[in-house]
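Single-letter residue listing:
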Amino acid sequence: MLSDTHFYFNKAADILGLPQIIRKILLTPQRSVKVEIAIESCAGELMYYTGYRVQHNNARGPMKGGLRFHPEMNEDHASALAGLMTWKTAVVDIPFGGAKGGIDCDPKTMSDKDLSLVTRLFVAQMKDVIGPTIDIPAPDVNTNAKVMGWIMDEYSKFEGFSPAVVTGKPLHLFGSEGREEATGRGVMLTLREALKDQGKTFSEITVAIQGFGNVGSHAARLIAEHGACIVAVADHTGGVSNPDGLDVVALNEWVSEKGGVSGFVGGMAFEGSEIITWDADVLIPAALQDVITEENAHDVKAKIVVEAANAPTTPSADAILLERGILVLPDILANAGGVTVSYFEWTQNIQQFRWVLDRINDELEKVMSKAYRSVCDVAEEKKVDLRTAAFILAIRRVGQAALARTHLDGSIFM
Ligand code: GLU
């Protein structure tokens, strides 16, 4: 995955004509920390995990990014995703850098007690390299508000009351209104802007969504509320489709009860992997990386792909989609709603003040539409696709901030 994110960076850096030394500085993480986590599980078994935190860049502010609990988590994934966070926070112009981390565990197979212990051991070993002005973790794949609450609690044992050390916390533990649905809302807002540019509205489109976790489920609900027809949804348990539109509210209830979309009575079952090539106007990959590949990109039928997941499209697939005239709304723009509301949560924690939901949603809307417009302006200026434009915008902002801290001239980023 790291070589893929480097590929996109270099494509933009070529257009900016950046020298190798600057590329090296901007691509290399500032720090990478790896910790050993061994526990005796509730079942009396000895379990061994590795925890990672890669801190990519802090030129524009404290480093920021999620924690992913997944058996395939490793340093390469953490580095690639940490870099994406640097570019993402720059695209939406919030005062953070980028980081990412996680543990190579599978929460689905663990008790809450074991998961809490593993999380707390991770924090105890990372406490000196994270903090409200250093690096602020957040939820990502397989982590949620409960895990963030444990992180705040454990860190505060060492450093005193510190709600701003982590975002995505429970509402009753200094979390923010609107944070849980923020990534999904940002996806909806980005798509809305793109449709506006094409003179279309939500009521004219059909949508297929891969992933029905925190991001996919909220994106589906909000997009359906705006009048779009969600014709197919797939997750790790399988797929369900309905040409007249799935009842997203009922599907949400089904998933909360059964743990996946499979068997949902309001739709027809299909093999989950078919979702990428589903016949719909819009495709939203909202699960894991590398799902649109050289093998299936030729068969994608959607006219717009909204990258709600991080790094769902490989560079060779991206080239095919571009060649076929499919509009890709890139991850570092389309899924930035989550980290943007994390910024609002951090701000509220620092100020010891609460914002109401309307304020959160209004501010998020402003940030997302401004970011979309800025990316389109660069695309127009440089005659490039939106992903390359988003990288150019981000590299300029990060590069200029980095050089403004020195006596060097920042004009090479123009
Ligand atoms: N994990 C989310 C992302 O990839 C959110 C990060 C955050 O809120 O810091 O953008």
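Because the structure is predicted, anything quoted here is derived from the model rather than measured.

Looking at the overall build of the protein chain
Scanning the protein chain for helices and strands turns up 13 helices and 12 strands. A globule of 414 residues ought to have a C-alpha radius of gyration of about 22 Å, and the protein chain, at 20 Å, matches this closely. The principal-axis extents of the C-alpha atoms in the protein chain amount to approximately 60 × 55 × 40 Å. Buried residues in the protein chain amount to 60% of all 414 residues. Considering only contacts within the protein chain whose residues lie at least 6 apart along the sequence, 66% involve residues at least 24 apart. Here the protein chain has roughly 16,700 Å² of accessible surface; of this, 53% comes from carbon and sulfur atoms.

Regarding the nonpolar core
Ile223 and Ile284 are the most contacted members of the largest nonpolar core, which has 89 residues in total. If sequence neighbours within four positions are ignored, Ile284 has contacts with Val187, Val207, Ala208, Ile209, Gln210, Ile223, Val306 and Ala308. By size, the runner-up hydrophobic cluster in this structure holds 25 residues, among which are Met110, Val118, Ile130 and Val147.

Let's talk about the sheet that holds strand β3 (residues 63-69)
Hydrogen bonding along the main chain pairs the strands of a sheet, whether they run parallel or antiparallel. Pairing is mixed in the open sheet, where 5 strands are placed in the order β1-β2-β4-β3-β5. The outermost strands of the open sheet, each flanked by one partner alone, are β1 (31-40) and β5 (135-139). Mean inter-strand twist for the sheet, computed between neighbouring axes without regard to direction, equals 20°. Bridge count between β1 and strand β2 (residues 46-57): 10 bridges; the pairing is antiparallel. Bridge pairing links Ala38 to Tyr48 in β2.

Notes on the sheet that holds strand β6 (residues 206-210)
Ordered in space as β9-β8-β7-β6-β10-β11-β12, the 7 strands form an open sheet in which the pairing is mixed. Two strands in the sheet have a free side with no partner beyond their single neighbour: β9 (268-270) and β12 (327-329). When the angles between neighbouring strand axes are averaged without regard to direction, this sheet yields 20°. Strand direction decides the pairing type here: β6 and strand β7 (residues 229-235), joined by 5 bridges, are parallel. Within the sheet, the bridge partner assigned to Gln210 lies in β7 and is Ala234.

Quick word on unusual backbone geometry
One non-glycine residue, Asn142, lies in the positive phi region at around 65°. Mapping Asn142 onto the fold places it in the loop between β5 and α5 (145-159). Of note in the backbone geometry, Asp290 takes a positive phi value of approximately 55° without being a glycine. The topology assignment puts Asp290 in the loop between β10 (282-285) and β11 (304-306). By relative accessible area, Asp290 is classed as partly exposed at 33%.

A few points about the environment of Phe9
Secondary-structure assignment places Phe9 in helix α1 (residues 2-16). Here Phe9 falls in the buried class, since its relative accessible area comes to 0%. Note: C-alpha distance between Phe9 and Ala99 (90 residues apart in sequence) is 16 Å. Excluding anything up to four places from it in sequence, Phe9 contacts Arg23, Leu26, Leu27, Trp87, Phe391 and Ile395.

Let's talk about the pattern of salt bridges
All told, the structure shown has 29 salt bridges when counted by the stated rule. Asp93 is the partner of Arg60 in a salt bridge, and the nearest nitrogen-oxygen pair spans 2.5 Å. Here Arg60 is found in the loop between β2 and β3, whereas its partner Asp93 is found in the loop between α3 (75-91) and β4 (98-103), with 33 residues between them in sequence. Exposure remark for Arg60: the relative accessible area of 18% places this residue in the buried category. Here Glu381 ties to Lys382 by a salt bridge, and the two come within 3.8 Å at their closest N and O atoms. We classify Glu381 as partly exposed; its relative accessible area is 47%. Taken together, the salt bridges that share partners define one network made up of Arg120, Asp153, Glu154 and Lys157.

Thoughts on helix α6 (residues 182-197)
When the terminal C-alpha atoms of α6 are compared, their 23 Å separation across 16 residues agrees well with the 22 Å that a helix rising 1.5 Å per residue should span. Of all the 16 residues making up α6, 13 are buried; the element is thus mostly covered by neighbouring parts of the structure. Positive backbone phi, at 70°, marks Gly199, one or two positions downstream of α6.

Observations concerning the packing of aromatic side chains
Within this structure, the stated rule accounts for 12 aromatic pairs. Pairing Phe96 with Trp346 gives two aromatic rings, centres 5.0 Å apart and planes at 70°, and the pair type is edge-to-face. Separated by 250 residues along the polypeptide, Phe96 in the loop between α3 and β4 and Trp346 in helix α11 (residues 337-351) bring together distant segments of the chain. Judged by relative accessible area, Phe96 falls into the buried class, the value being 0%. Each ring, one from Tyr343 and one from Trp346, has its centre 6.4 Å from the other, and the planes form 35°; the classification is tilted. With Tyr343 and Trp346 both in helix α11, this residue pair falls 3 residues apart, about one helical turn. Residue Trp346 is classed as buried on the basis of its relative accessible area of 14%. Members of the aromatic cluster, joined through ring pairs, are Phe7, Tyr8, Phe9, Trp87 and Phe391. Here Arg359 stacks its cationic end above the ring of Trp355, 3.9 Å away from the centre of that ring. Arg387 extends its terminal NZ or CZ atom over the ring of Tyr8, reaching a point 4.3 Å from the ring centre.

Cut-off values and rules
Residues numbered from 1 in each chain as written. Predicted model: local features only at pLDDT ≥ 70, side-chain atom pairs only at ≥ 80, totals over all residues. Heavy atoms only, no water. Helix = DSSP H or I, 4+ residues; strand = E, 2+ residues; numbered from the N terminus. Rg over C-alpha atoms; globule rule 2.2 N^0.38 Å. Buried < 20%, exposed > 50% of the residue type's maximum accessible area, 1.4 Å probe, protein only. Contact = heavy atoms within 4.5 Å. Areas by Shrake-Rupley, 256 points an atom, 1.4 Å probe, with all protein chains shown as cover. Core = buried A, V, L, I, M, F, W, Y, C linked by side-chain atoms within 4.5 Å. Pairing = 2+ DSSP bridges. Axes fitted to C-alpha atoms, helices over the stretch in contact; angles between N-to-C directions. Salt bridge = Lys/Arg side-chain N within 4 Å of Asp/Glu carboxyl O. Expected span 1.5 Å × (residues − 1). Phe/Tyr/Trp six-rings, centres within 6.5 Å; stacked < 30°, edge-to-face > 60°. Lys NZ or Arg CZ within 6 Å of the ring centre and 35° of its normal.

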